[in-house]
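Here is what each chain is made of, one letter per residue.
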Amino acid sequence: MDRIQQIYNDEKLLKKLQEDQNLTIEDVLENEMVINMGPQHPATHGVLRLVLRLDGETVVGIVPELGYLHRGYEKMAENMSHIEFIPHTDRLDYTGTMCNNVGYVLAVEKLAGIEAPKRAQYIRMIVSELSRIAAHMVAIGTFAMDVGAVTMVMWTFREREKVNSIFDRIAGARFTTSYTRIGGVASDIDDQAFAEIKQFLAELEPALVEMDKLLLSNRIFIQRLEGIGILPKEDAIALGVTGPNLRASGVEYDVRRAKPYLFYNEIDFKIPTFSQGDCLARYFQRGDEVRESIKILYQCLDKIPQGEVIANNPKKVLSHKTEIYSKMEELIHDFMIINFGINPPIGDTYLSVENPKGELGFYIVSNGSGQPWKLKIHSPSFCNLQAVSQLCKGAMVSDVVAIIGSLDPVMGEADK
Amino acid sequence: MNTKELIVEKIKEKFGESVEEVSDFRDDLCITIKKDQIVNLGKYLKEDPDLQFIMCKDVTAIDWATRKKRFTTVYHIYSFKLNYALRLKSNIDDNPPTIETVSFVWQSANWYERETWDMYGIKFINHPDLRRMYMPEGFEYHPLRKDFPVLGIPGSLPLPFKAE
């Protein structure tokens with residue numbers, strides 16, 4: 001800085017610089033340029049910062065910088081009981097909140113050895129598939145908007161809005177649901193909610209066809225995505241990419257099938273895969289997954305059994321409020337669980353679930369006390385972002401936006 | 001022979017004395033290995049044609065605070081062939097804690113190890129790009145260590161200056 005100021009202050013030197021005829025326009029074009037993209041940028045889906053090294057319009061190198069939304073959830077989890085952490089899981093992937101809730105309670109249940117009743121498991125399946133549809137709607141809409149098809153985001157958010165209304169009915173909150181409990185779910189689904197889900201599914205199928213029509217007849221959309229950001233199968237595995245992005249590269253891996261949790265082994269569904277591994281394949285992948293989710297939801301609505309929605313295990317699972325206020329035993333257990341936690345046995349477990357973004361895993365270490373000794377969140381967005389630097393190398397600046405949109409990171413999850 | 005027995009037998013055959021502990025809690029198989037063998041074990045598990053643990057899902061660490069071997073690094077790896085997720089552990093006893101990097105075995109471990117360095121201050125030897133992942137450059141502490149207070153350390157992060 002001092003040197004530049006010195007040059008500007010020195011009139012002789014400045015005049016000489018201005019008269020320098022040797023500096024040609026070619027020199028400027030020959031040199032590489034470093035530009036900064038984000039953290040506040042509409043196309044980086046949150047506070048992701050990228051530092052690009054450009055040669056003309058071609059990206060030579062790219063360095064992602066994370067941590068602008070780091071809230072230290074892993075540290076906070078070590079200082080609260082297992083139950084208290086449930087609302088914080090909403091804030092991880094804030095487009096698919098229910099999936100996070102379900103994943104976390106399943107991890108704690110595995111550690112503590114609790115099993116939720118069958119009806120609760122089916123309700124969890126229903127809400128996580130609804131949540132997956134909502135998250136994919138956001139993903140597709142914002143992705144299309146990033147590459148110039150602005151109408152799409154209105155159409156997909158219209159569908160997502162319906163899911164949010166259903167969540168409002170089921171959980172009492174549209175966005176930050178915190179619906180699951182350790183050992184079950186907070187409340188039962190009533191008949192009107194079932195009717196709303198059925199109506200939503202009936203409306204979604206024609207809407208998906210319309211969306212495909214809108215986008216796939218758009219030549220700009222196709223040309224900006226086809227053959228851009230190709231991620232080969234081997235690289236996808238080596239880079240640890242998960243979820244739809246991995247399947248779009250041709251790896252048939254879905255946690256729901258590979259290690260079934262809840263009752264996904266009773267449900268008949270396909271795992272859509274694409275072999276191209278480019279941005280367009282990742283778009284088709286999400287669309288097909290929404291269609292599979294619709295199939296899963298119809299089956300769940302058919303198969304859901306009657307019964308309790310929370311396990312009857314007063315030493316580990318919170319009882320219903322009416323019982324707490326009327327029975328002494330339940331009051332004592334409630335007091336113990338709230339104040340001292342559920343005290344899982346000493347040990348460590350890892351459980352992962354298939355989230356809209358990929359594989360969300362919780363690694364919990366317990367030392368026998370009411371608070372987790374360590375809780376590690378394996379977040380899919382974080383893993384997927386690791387592929388950015390490889391995908392963008394050699395691409396154009398405008399492709400960077402398309403590639404990030406196709407990977408669909410959510411920074412709340414990547415930064416924890 | 002089921003998958004678990006196959007994995008344990010193969011590892012014990014190859015790394016007899018280096019295996020410190022084999023545990024099986026809630027159906028999660030976990031193998032604790034001596035610190036200096038972690039890269040060899042990783043290479044073996046990845047390249048053995050019967051096992052093929054080609055994907056590294058996660059690298060993290062545990063701070064035990066009071067134990068003599070204060071830190072334990074934890075690796076979660078996955079084999080598509082066996083459809084099995086395995087956990088490896090390695091205890092670290094030196095101070096400051098160091099361990100060999102596995103990012104040359106599994107490329108994805110690059111960022112996971114950076115995160116572990118940021119959060120626990122475990123130095124991964126020969127790591128290609130060991131920068132902080134989340135915390136700003138120049139931050140002196142490692143937040144997930146047990147001796148770091150939850151409220152943070154006042155003055156450790158530069159805040160925007162507000163002119164009076």
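All of these numbers come straight from a predicted model, not from anything done at the bench.

### Examining the interface of chain B and chain A
So, step 1. Tallying the contact residues gives 40 residues for chain B and 45 residues for chain A.
So, step 2. For the chain B face of the interface with chain A, the top three residues by lost area are R26, W111 and Y134 of chain B, together amounting to 20%.
So, step 3. In this assembly, chain B and chain A are joined by nine salt bridges.
So, step 4. Summed over the shared surface of chain B and chain A, the number is 26 residue pairs in polar contact (both at pLDDT 80 or more).
So, step 5. Secondary structure elements with two or more residues in the side of chain B that touches chain A: β3 (55-63), β4 (71-79), β5 (84-92) and α3 (109-120) of chain B.
So, step 6. Tallying contributions element by element places β3 of chain B first for the side of chain B that touches chain A, with eight residues.
So, step 7. Taken together, the residues of the side of chain B that touches chain A break down into 23 nonpolar, six polar and 11 charged.

### Brief notes about the pairing of strand β6 (residues 347-354) of chain A
So, step 1. In terms of burial, β6 of chain A is largely enclosed, as eight of its eight residues are buried.
So, step 2. Counting the residues in the hairpin turn of β6 of chain A and strand β7 (residues 359-366) of chain A gives four residues, including G358 of chain A, whose phi is positive at 150 degrees.

### Points about the packing of aromatic side chains
So, step 1. Inspection of every chain in the model, using the stated rule, returns 21 aromatic pairs over all chains.
So, step 2. Pairing Y122 of chain A with F263 of chain A gives two aromatic rings, centres 5.6 Å apart and planes at 10 degrees, and the pair type is stacked. With a gap of 141 residues between them, Y122 of chain A in helix α7 (residues 118-146) and F263 of chain A in the loop between α13 (255-258) and α14 (279-303) connect regions that are remote in the sequence. Each member of the pair, Y122 of chain A together with F263 of chain A, is buried.
So, step 3. Taking the centre distance of 5.8 Å and the plane angle of 70 degrees together, the rings of F139 of chain B and Y141 of chain B count as edge-to-face.

### Topic: helix α6 (residues 97-112) of chain A
What sets the pattern is the α-helix's 3.6 residues per turn: residues three or four places apart point alike.
Residue and element names in this part refer to chain A.
So, step 1. In this model, α6 (16 residues) spans 23 Å end to end at C-alpha, consistent with the 22 Å of a helix rising 1.5 Å per residue.
So, step 2. Taking burial as the measure, the 16 residues of α6 include 16 buried ones, the bulk of the element.
So, step 3. Directly after α6, the chain includes G113, whose backbone phi takes a positive value near 75 degrees.

### Here's the deal with the sheet that holds β7 of chain A
What holds strands together in a sheet is hydrogen bonding between their backbones, with the strands either parallel or antiparallel.
Residues and elements named next belong to chain A.
So, step 1. Pairing within the open sheet is antiparallel, and its three strands lie in the order β6-β7-β8. If you trace the sheet from one side to the other, it starts and ends with β6 and β8 (374-378), each paired once. Averaged over all pairs of adjacent strands, the angle between their axes in this sheet comes to 10 degrees, without regard to strand direction.
So, step 2. Here five bridges tie β7 to β8, and the two strands are oriented antiparallel to one another. If you follow F362 over to β8, its bridge partner there is I377.
So, step 3. The sheet contacts of α6 involve β6, β7 and β8, and relative to β6 the element is tilted by about 150 degrees.

### Some points on the environment of Y120 of chain B
So, step 1. You can see Y120 of chain B is positioned in helix α3.
So, step 2. The class of Y120 of chain B is buried, set by a relative accessible area of 2%.
So, step 3. Between the alpha carbons of Y120 of chain B and T73 of chain B there is a distance of 9.9 Å; along the sequence they are 47 residues apart.
So, step 4. Ignoring any residue separated from it by four or fewer positions in sequence, one finds Y120 of chain B in contact with E78 and K374 of chain A together with T60, A61, I62, D63, F71, H142, L144 and R145 of chain B.

### As for the nonpolar core
So, step 1. Ranked by size, the top nonpolar core spans 162 residues in total, and within it I7 and L86 of chain B carry the most contacts.
So, step 2. Not counting residues up to four positions away in its chain, the partners in contact with I7 of chain B are L29, I31, L51, F53, L82, Y84 and L86 of chain B.

### Considerations on the packing of α7 of chain A against α14 of chain A
All names here are of chain A.
So, step 1. The interhelical angle for the contact between α7 and α14, taken along N-to-C directions, is 155 degrees, at an axis separation of 9 Å. It follows that α7 is roughly antiparallel to α14 by the angle criterion. Seen from above, α7 lies across α14 with left-handed handedness.
So, step 2. Of the residues that constitute the contact of α7 with α14, the class distribution is 17 nonpolar, three polar and five charged.

### Considering the side chain of S178 of chain A
Residue and element names in this part refer to chain A.
So, step 1. Mapping S178 onto the fold places it in the loop between α8 (151-171) and β4 (180-181).
So, step 2. Taking relative accessible area as the criterion, S178 reaches 17% and is therefore assigned buried.
So, step 3. Within the local environment of S178, its side chain forms a polar contact with the side chain of D90, the two groups lying 2.6 Å apart.
So, step 4. Not counting the four nearest positions on each side in its chain, S178 is found in contact with I86, P87, D90 and N101.

So, how was this worked out
- Residues numbered from 1 in each chain as written.
- Chains lettered and ligands numbered in written order.
- Predicted model: local features only at pLDDT ≥ 70, side-chain atom pairs only at ≥ 80, totals over all residues.
- Heavy atoms only, no water.
- Contact = heavy atoms within 4.5 Å.
- Buried area = accessible area lost by both parts, 1.4 Å probe.
- Salt bridge = Lys/Arg side-chain N within 4 Å of Asp/Glu carboxyl O.
- Polar contact = N/O pair within 3.5 Å; in protein donor to acceptor, adjacent residues only side chain to side chain.
- Helix = DSSP H or I, 4+ residues; strand = E, 2+ residues; numbered from the N terminus.
- Nonpolar A, V, L, I, M, F, W, Y, C, P; charged D, E, K, R; others polar.
- Buried < 20%, exposed > 50% of the residue type's maximum accessible area, 1.4 Å probe, protein only.
- Pairing = 2+ DSSP bridges.
- Phe/Tyr/Trp six-rings, centres within 6.5 Å; stacked < 30°, edge-to-face > 60°.
- Expected span 1.5 Å × (residues − 1).
- Axes fitted to C-alpha atoms, helices over the stretch in contact; angles between N-to-C directions.
- Core = buried A, V, L, I, M, F, W, Y, C linked by side-chain atoms within 4.5 Å.
- Parallel < 35°, antiparallel > 145°, perpendicular 65-115°, else oblique.
- Left-handed = near helix turned anticlockwise from the far one by under 90°.

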